[in-house]
Amino acid sequence: MTWWCTGVRWRVGGGPALGWYGEGKGERESALAFGDVLAFRAVGGRRCLGVWRGGRRTPCPAGAELSGRGTRAQCAECAGIDRAHSVAADTMADDPRPYHVYLAWFGSGMVKVGITGVGRGSARLLEQGAVAFTWLGRGPLMAARRAEELLRSALGVPDRIPYAQKRAVRAALPPAGERAAELATAHATAVALPGWPESLERLPCEVVDHAEVFGIEGPSGAGAGSGTEEAAEEEAVEVGRLGGVGVVVSELVEGGVVRGTLVAAAGPDLHLVERGGRRLVVDTRLLGGWQLEALGKTEGAAADVVSSVPVKPVREASALQGGLF
C-alpha cells in the first residue's frame, strides 16, 4: 500500500502531525513529538495530491508529476479547481457560515489580519505559524471581508506575510508580554475605526500565545531529548527552546535524506537539529506528494547518515510595519 505525505496538520489542543493519503484508503496521521529523531528518504517521485473538499480527497485525474521545489502539491488543473471554490478567492459570497476576523502576530511589527470559519476554531492560526493572536470580530463572510479591507486600507495591515519572513524572526522573539501588548494596541486601534461593518460583532482582545505549543519557548524545566532510545543516541539537544535558525530545505529530491531531532514546529515548518548542531528547517509543504521511506533503525543510527537535500540559508527579515501600532 502506497501512502503519500500531505504535509503537517495541526489540531487545536494538540501538537503537529504528518498527514498521509492512500488512494482508496483515505487519510491518516502520524503524531510528531519534540525530541524525537526524524529520519526518512524521499522516494517514488512527487505527484499531485488532487483536490480536498467536503472532508474527502479527489485524486488528480492525470496523476501529474510535480517538481520538488514547489510548495503546493497540486498540478495547475487541480489548483484551479481549488481556487474556483475558495473563500480566499471570494467565490463563495453566499456562504451562510459565520466567520472570525483575527489579528495574528509573527514578530515585532509583523501583524496581519485574516478570516477563518468559526467552526475551525484557531486551527488556521496554528497552520500559519502565528506566535500569538486575538479575535477581532465575528459575523457573515462578506462583513468579515469588509473588515479585512478596512484594516488594509486604513492602517496598512497586510493579509499575507511570507513564510520566509516568519521563520527568519522566529528564533529571536520579544517576551510574551510585549507580544500581547502589541496585539492589544493593534486590536484597540482596529475596533475604533469608523466604517466598521454593522453586521460584524466586535470581540474583546483576548491574546492566545502559541510559543510553548510550537516549542519556540518551553515551560520552565524543558530539557534535552524525549527519552526515546534513538533520541538518546543523538547529541544532547534542548527541547522546548528553538535556539536559532540556520538553513531551510529548498527542494526535495528523489533519494534525498532528511535526518535530525525535532525541537520545534510552527505552521508548516519543522525545526530539526542535525548531528554536529546544524539547525535545519523543513518546510513540510515540500513533502506533500512524496512517499517518505523511514530509515531503518541501523541505517538511521549510522554516524555517516546525514541530510542530503538541497538547502539555503535563512536570512534575517526586517520588520514589515515599522512599529505601525
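Not measured: the values here are computed from a predicted model.

Conventions adopted
Residues numbered from 1 in each chain as written. Predicted model: local features only at pLDDT ≥ 70, side-chain atom pairs only at ≥ 80, totals over all residues. Heavy atoms only, no water. Phe/Tyr/Trp six-rings, centres within 6.5 Å; stacked < 30°, edge-to-face > 60°. Helix = DSSP H or I, 4+ residues; strand = E, 2+ residues; numbered from the N terminus. Buried < 20%, exposed > 50% of the residue type's maximum accessible area, 1.4 Å probe, protein only. Lys NZ or Arg CZ within 6 Å of the ring centre and 35° of its normal. Pairing = 2+ DSSP bridges. Axes fitted to C-alpha atoms, helices over the stretch in contact; angles between N-to-C directions. Core = buried A, V, L, I, M, F, W, Y, C linked by side-chain atoms within 4.5 Å. Contact = heavy atoms within 4.5 Å.

(A) Expanded view of the packing of aromatic side chains. Under the definition given, this model contains two aromatic pairs. Their ring planes at 70 degrees and their centres at 5.3 Å tell us that Trp10 and Phe214 sit as a pair that is edge-to-face. Note that Trp10 is positioned in strand β1 (residues 4-10) and Phe214 in helix α6 (residues 211-214), a separation of 204 residues in sequence. Note on Phe133 and Trp135: the rings are 5.0 Å apart at their centroids and 70 degrees apart in plane angle, and the pair reads as edge-to-face. Accessibility assignment for this pair places Phe133 and Trp135 in one class, buried. Of note, Arg47 hangs over the ring of Trp4, and the distance from its end group to the ring centre comes to 4.7 Å. For Arg57, the ring lying beneath its charged end belongs to Tyr21, and the centroid distance is 5.4 Å.

(B) Structural detail: the sheet that holds strand β15 (residues 279-283). Taken in spatial order, the seven strands line up as β16-β4-β13-β14-β15-β12-β17 in an open sheet, and their pairing is mixed. A single partner strand is all that each edge strand has here, and the edge strands are β16 (291-294) and β17 (311-313). Across the sheet, the mean angle from the axis of one strand to that of its neighbour is 45 degrees, orientation sign disregarded. Relative to β15, strand β12 (residues 247-249) runs parallel, the two sharing two bridges. Note on β15: the bridge partner recorded for Val248 is Val281.

(C) Just the nonpolar core, in detail. Residues Leu151, Leu252 and Leu292 are the most contacted members of the largest nonpolar core, which totals 60 residues. The element that contributes the greatest number of residues to this core is helix α3 (residues 141-155), accounting for seven residues. Not counting chain neighbours up to four residues away, the residues in contact with Leu292 comprise Cys5, Trp20, Phe40, Arg41, Ala42, Leu252 and Leu287.

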